[in-house]
Amino acid sequence: MNIIKALFNRLSDSLLSTVQGRLDPATELTPGASLRLVSDKPVILASLDSSAARRPIGHAVSQPDAVDDAIRRSQSWFFNRQHAEGYWVAELEADTTLTSEYVMLRRFLDRVDPDREVKAVRYLQTTQLQDGGWPIYYGGPAEISASVKAYFALKLCGVSADEPFMVRAKERILAMGGVLQANVFTKITLALFDQYDWEGVPHMPVELMLLPKKFYFSIYAISYWSRAVLIPLLIVFAHRPVCRIPHEQGIDELYPISRQEVRYWKYPPFNKDQAWFTPHNFFVALDVMLKLYDRMPMRVLREKALHKAACWMVDHLKGAGGLGAIYPAMANSIMALQCLGYDADDPLVVKALREIEALEVYDSAMVDGESVPTLHLQPCFSPVWDTALLMNALVEAGVAQDHPALQKAGRYLMSRQTKTVGDWIISSPNAEPGGWYFQFENESYPDVDDSAVVIMALSKLKIPGHDDELNESIRRGMRWVLAMQGSDGGWGAYDKDNNRVVFNYIPFADHKALLDPSTSDLAGRCLEMLGALGYDKTHPAAGPALAFLKKEQEKDGSWYGRWGVNYIYGTWSVLAGLRAIGEDLSAPYIRRAVAWLESKQNPDGGWGESCLSYRDDGEAHGKGESTPSQIALALMALMSADAVDSFSVARGVQFLLRWQMKDGSWEEISHTGTGFPRVFYLRYHWYCQYFPLWALAMYRNLRSRGKIRADELRHHIQGTDLYRSEH
């Protein structure tokens, strides 16, 4: 074995001893070449002879020098982009649905801005697929709901249905079944403009607000994002407002049959299962009864419920980030305020609209060889997440623990720690405030994932003069995370034991994303957090978490990634946690994960995974075009499992080195983050930056010292027993 290992080491060294900027002929980008995003319209990237191009052809350096140089340039790229307040943040890109909805929202509110509309139209045009539809992730097929929304938004902006690209869009939408096949949220939006009948929309009575908090079907039994979206929507449902539009801006042409002939019970989400009694059929029948009640509601109950919903919403609008700090909830809150009689110039309405406008992204795209301005919307901001992940990467890359940039970032993160009780108190009544949220501000909704990553980052810092403050912040955060551990041993993101699967059979929940159950990626992250604080498998939370992960492992050895695409992401999260907590890395279940990762390596030496992997058939698991972020995740997963000397790792590292740009960055256009599987995906613009930096740093440390820096810092904390008294 020693001979074989030595051979692989020599082979790895030879692979990396000369790093060239030359790409394989099949994938080489020539000056002025273009890459497609989600569109048949090319977006011109920087040419290879520009300052952003990859390293010069023939630039030969030794293996350690090549890795050192890549890390140094990446660090410099980041240090130049830190904000004065201490955080780092990049764009969080979704798909076209948010921009389409934003156009509709401004029309609904009578806040039409022609300049915004012109830019939004250009964006929607340049993201249309050749077949006429719009996708929900890079490289994906046309999706019916995104396509219907884009088409309707374009018509609201005055685009004629006779335009060639609109004709193509209509034909593609009808080929997918027309507007009747769109999802529930699309149909609700259309009903607000009288483009869909309310009878075809599942009914959710506002009287749900009167159910006790601990009741099985309470509003607190669904996830934070569902709650924040639904409560203002309950107010809208109770009023059923309609924004009248000219007939020529309507979308009757998207119905496969005459609208008057539609029998809504035949179409999603009301079409019944073939079996006589199923949970879905039960809730479809219940929807009929709820609609009968809605025709003659008990006035006292209705008014009491509306008052309770309004109070809840206004109370949760107090912060600076909007309701839930996510676009759908923020948009619904403005419509609900209008239904409740708030004037357009009311400070609460003005504030809510301003918070949405802050999500606007002004960009440009190439149209007929000319750069034109565009406008699209991002769903929220991600400063806490971006900052914490990058800090972990920078420390691994050798940046001093007391570096001024890290001190500034650490102080920023400590200032973002929650200090008040949020909705999580319902599911975890013994917890005390101390978690972190994802956005600039979202005090009511800290999440386990951000909190764990922040705690890991803070535990690796030194902030002279603030030691006690730093340690207390970490302790408070740790206590909150541990209090959120579920009865199954895992963790959900925002609530504890949010796992009543019956909710996914409700017609309203056709997106199957009402819940926030425990997931493998979060369990792995929390184990990594415990390890970073000096704990091992003897910690009371570790045993149940390990049992949960063993139960959740797929037959092929991988783990599902709820919050990142997908099995590569999940497997990285778990293996990183298992290493940190001190699990035996030679255990068969860990070696199966390693074998799975190695089997998914692409011929070009990289890894990639498409959003298609969220399908149930399993054929797309771990498959996709190589991307820098997913290569880095696969590398970190393998190295966490002590596979640093494998040939697969050497090839993956070579890929990252060859594809780094001169300025220290990498390019990536894929959606590798997950909002809701199968429904809503995210492109974190800096996943392709800090994950490669982190992976290369781990590789350098393991090859040069036999340990990653996180291991060294963890062992130091174990020696001090700094957090031992805080189980």
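These numbers were taken from a predicted model, which means no experiment stands behind them.

J.: Teacher, can you tell me more about the overall build of the chain here?
T.: The helix and strand tally for the chain stands at 24 helices and seven strands. By the compact-globule yardstick of 27 Å for 727 residues, the chain fits well, its C-alpha radius of gyration being 26 Å. A burial count over the chain gives 61% of its 727 residues as buried. Restricting the contact set of the chain to residue pairs at least 6 apart, pairs at least 24 apart contribute 73%.

J.: Explain the side chain of Glu528 to me, please; I cannot follow it from the model alone.
T.: Residue position: Glu528 is located in helix H17 (residues 520-532). For the buried Glu528, no salt bridge is present, and the opposite-charge side chain at shortest range is Arg525, 4.8 Å distant. Those residues in contact with Glu528 that sit more than four places away from it in its chain are Met456, Ala576, Gly577 and Ala580.

J.: Before we go on, may I ask you to explain the packing of helix H13 (residues 383-396) against helix H14 (residues 404-415) in this structure?
T.: To characterise two packed helices, one gives the angle between the axes of the helices and the distance between these axes. Two numbers describe how H13 lies on H14: the axes approach to 11 Å, and their chain directions differ by 145°. As for how H13 packs across H14, the hand of that crossing is left-handed. For the pair formed by H13 and H14, the contact residues are Pro383, Val384, Thr387, Ala388, Met391, Leu394 and Val395 on the first element and Leu406, Ala409, Gly410, Tyr412 and Leu413 on the second. A per-class count over the contact of H13 with H14 returns 10 nonpolar, two polar and no charged.

J.: Just to check I follow, could you spell out unusual backbone geometry for this structure?
T.: What is expected of a backbone is that most residues other than glycine have negative phi and most peptide bonds are trans. Backbone torsion omega between Pro268 and Pro269 reads 5°, so that peptide bond is classified as cis. Along the chain, the position of Pro269 falls in the loop between helix H8 (224-239) and helix H9 (279-295). At Asp368, a residue that is not glycine, the phi angle is positive and equals roughly 55°. Along the chain, the position of Asp368 falls in the loop between strand S4 (360-367) and strand S5 (370-377). Unlike most non-glycine residues, Asp642 shows phi in positive territory, near 65°.

J.: Whenever I open this one, the packing of aromatic side chains confuses me. Can you help?
T.: To describe a pair of aromatic rings, you give the distance between the ring centres and the angle between the ring planes. What the rule picks out here adds up to 42 aromatic pairs. Taken together, a centroid distance of 5.4 Å and an interplanar angle of 85° make the contact between Tyr137 and Tyr681 edge-to-face. With Tyr137 in the loop between helix H4 (114-126) and helix H5 (144-156) and Tyr681 in strand S7 (residues 680-684), this pair connects stretches of sequence that are 544 residues apart. Using a relative accessible area of 2% as the deciding quantity, one classes Tyr681 as buried. Where Phe152 meets Phe193, the ring centres are 5.4 Å apart and the plane angle is 75°; that geometry is what we call edge-to-face. Taken together, the residues Phe152 in helix H5 and Phe193 in the loop between helix H7 (184-191) and H8 connect sequence positions 41 residues apart. Each member of the pair, Phe152 together with Phe193, is buried. Site record: aromatic cluster; members linked through ring pairs are Trp77, Phe78, Phe438, Tyr569, Trp572, Tyr684, Trp686, Tyr687, Tyr690, Phe691 and Trp694. In this structure, Arg500 is placed above the aromatic ring of Tyr216, and the distance from its NZ or CZ to the ring centre is 4.5 Å. Of note, Arg562 hangs over the ring of Trp563, and the distance from its end group to the ring centre comes to 3.8 Å.

J.: Teacher, can you tell me more about the pairing of S5 here?
T.: Working note: regular strand, side chains alternate between the two faces of the sheet. Two elements, S4 and S5, share eight bridges in a ladder whose sense is antiparallel. Among the inter-strand pairings, Ser364 is bridged to a residue of S5, identified as Pro373. Count of turn residues in the S4/S5 antiparallel hairpin: two residues, of which Asp368 carries a positive phi of about 55°.

J.: Just to check I follow, could you spell out helix H6 (residues 164-175) for this structure?
T.: Side chains three or four residues apart in an α-helix point the same way, a direct result of the helix having 3.6 residues per turn. If you check H6, its first and last C-alpha atoms are 17 Å apart, about what 12 residues at 1.5 Å a residue would give, namely 16 Å. Those residues of H6 not exposed but buried are Phe165, Met166, Ala169 and Ile173. On an axial view of H6, the arc spanned by its buried residues comes to 100°, and they lie on one face. Across from the buried face of H6, at angles greater than 90 degrees, the exposed residues are Pro164 and Ala175.

J.: Would you mind going over the packing of H17 against helix H18 (residues 542-552) with me for this structure?
T.: Relative to each other, H17 and H18 sit at 145°, their axes nearing to 10 Å. The two elements H17 and H18 meet at a crossing, and its hand is left-handed. Residue-level contacts link Ser520, Ala523, Gly524 and Leu527 of H17 to Ala542, Ala545, Leu546, Phe548, Leu549 and Glu552 of H18.

J.: Where do I start with H9 in this structure?
T.: For H9, spanning 17 residues, the distance from its first C-alpha to its last is 25 Å, which sits close to the expected 24 Å at 1.5 Å a residue. Taken as a whole, H9 has its buried residues at His280, Asn281, Phe283, Val284, Asp287, Lys291 and Asp294. Down the axis of H9, the buried set is contained in an arc of 165°. They therefore lie on one face. For H9, the secondary structure elements touched by its buried residues are helix H10 (299-316).

J.: How do you make sense of the pattern of salt bridges when you look at a structure like this?
T.: It is possible for side chains of opposite charge to pair when their charged atoms get near one another. Applying the stated criterion across every chain yields a total of 33 salt bridges. For Glu357, the salt bridge is made with Arg106, and the minimal N-O distance between the two is 3.1 Å. Of the two residues, Glu357 sits in helix H12 (residues 347-357) while Arg106 sits in helix H3 (residues 97-108), which places them 251 residues apart along the sequence. Taking relative accessible area as the criterion, Arg106 reaches 9% and is therefore assigned buried. Linking Lys155 and Glu253 is a salt bridge whose minimum nitrogen-to-oxygen distance equals 2.8 Å. One end of the pair, Lys155, is in helix H5; the other, Glu253, is in the loop between H8 and H9, and 98 residues separate them in sequence. Sharing partners across several salt bridges, the network here consists of Arg106, Asp113, Arg116, Glu357 and Glu360.

J.: Hey, could you run me through the nonpolar core in this one?
T.: For soluble globular proteins, the rule of thumb is that nonpolar side chains tend to be buried together. Grouped together as the largest cluster of nonpolar side chains are 233 residues, with contacts concentrated most on Trp491, Phe508, Leu578, Tyr690 and Phe691. Sequence-distant contacts of Phe508, that is, excluding residues within four places in its chain, are made with Val184, Phe185, Ile188, Pro202, Met204, Leu230, Leu233, Phe237 and Leu514.

J.: Whenever I open this one, the sheet that holds strand S6 (residues 673-676) confuses me. Can you help?
T.: Each strand in a sheet pairs with another by means of backbone hydrogen bonds, the pair being arranged parallel or else antiparallel. Taken together, the three strands give an open sheet; going across it, the order is S3-S7-S6, and neighbouring strands pair in antiparallel fashion. In this open sheet, the two edge strands, each paired with only one partner strand, are strand S3 (92-93) and S6. In terms of strand pairing, S3 meets S7 through two bridges, oriented antiparallel. Residue pairing across strands places Leu92 opposite Tyr684, the latter belonging to S7.

J.: I'm lost on the state of the cysteines in this one. Help?
T.: What we call a disulfide is simply a covalent bond connecting the sulfur atoms of a pair of cysteines. A complete count under the given rule lists zero disulfides for this structure. Its sulfur unpaired, Cys380 is 17 Å from the next cysteine sulfur, which belongs to Cys611. For Cys611, which is in no disulfide, the shortest distance to another cysteine sulfur is to Cys688 and amounts to 15 Å.

J.: How should the environment of Ala90 be read in this particular structure?
T.: Looking at the secondary structure, you find Ala90 in the loop between helix H2 (63-79) and S3. Residues Ala90 and Leu109, spaced 19 residues apart in sequence, show a C-alpha to C-alpha distance of 29 Å. Sequence-distant contacts of Ala90, that is, excluding residues within four places in its chain, are made with Ser382, Asp386, His685 and Trp686.

Cut-off values and rules
- Residues numbered from 1 in each chain as written.
- Predicted model: local features only at pLDDT ≥ 70, side-chain atom pairs only at ≥ 80, totals over all residues.
- Heavy atoms only, no water.
- Helix = DSSP H or I, 4+ residues; strand = E, 2+ residues; numbered from the N terminus.
- Rg over C-alpha atoms; globule rule 2.2 N^0.38 Å.
- Buried < 20%, exposed > 50% of the residue type's maximum accessible area, 1.4 Å probe, protein only.
- Contact = heavy atoms within 4.5 Å.
- Lys, Arg positive; Asp, Glu negative; His and termini not counted.
- Salt bridge = Lys/Arg side-chain N within 4 Å of Asp/Glu carboxyl O.
- Axes fitted to C-alpha atoms, helices over the stretch in contact; angles between N-to-C directions.
- Left-handed = near helix turned anticlockwise from the far one by under 90°.
- Nonpolar A, V, L, I, M, F, W, Y, C, P; charged D, E, K, R; others polar.
- Phe/Tyr/Trp six-rings, centres within 6.5 Å; stacked < 30°, edge-to-face > 60°.
- Lys NZ or Arg CZ within 6 Å of the ring centre and 35° of its normal.
- Pairing = 2+ DSSP bridges.
- Expected span 1.5 Å × (residues − 1).
- Arc of directions from axis to C-beta.
- Core = buried A, V, L, I, M, F, W, Y, C linked by side-chain atoms within 4.5 Å.
- Disulfide = S-S within 2.5 Å.

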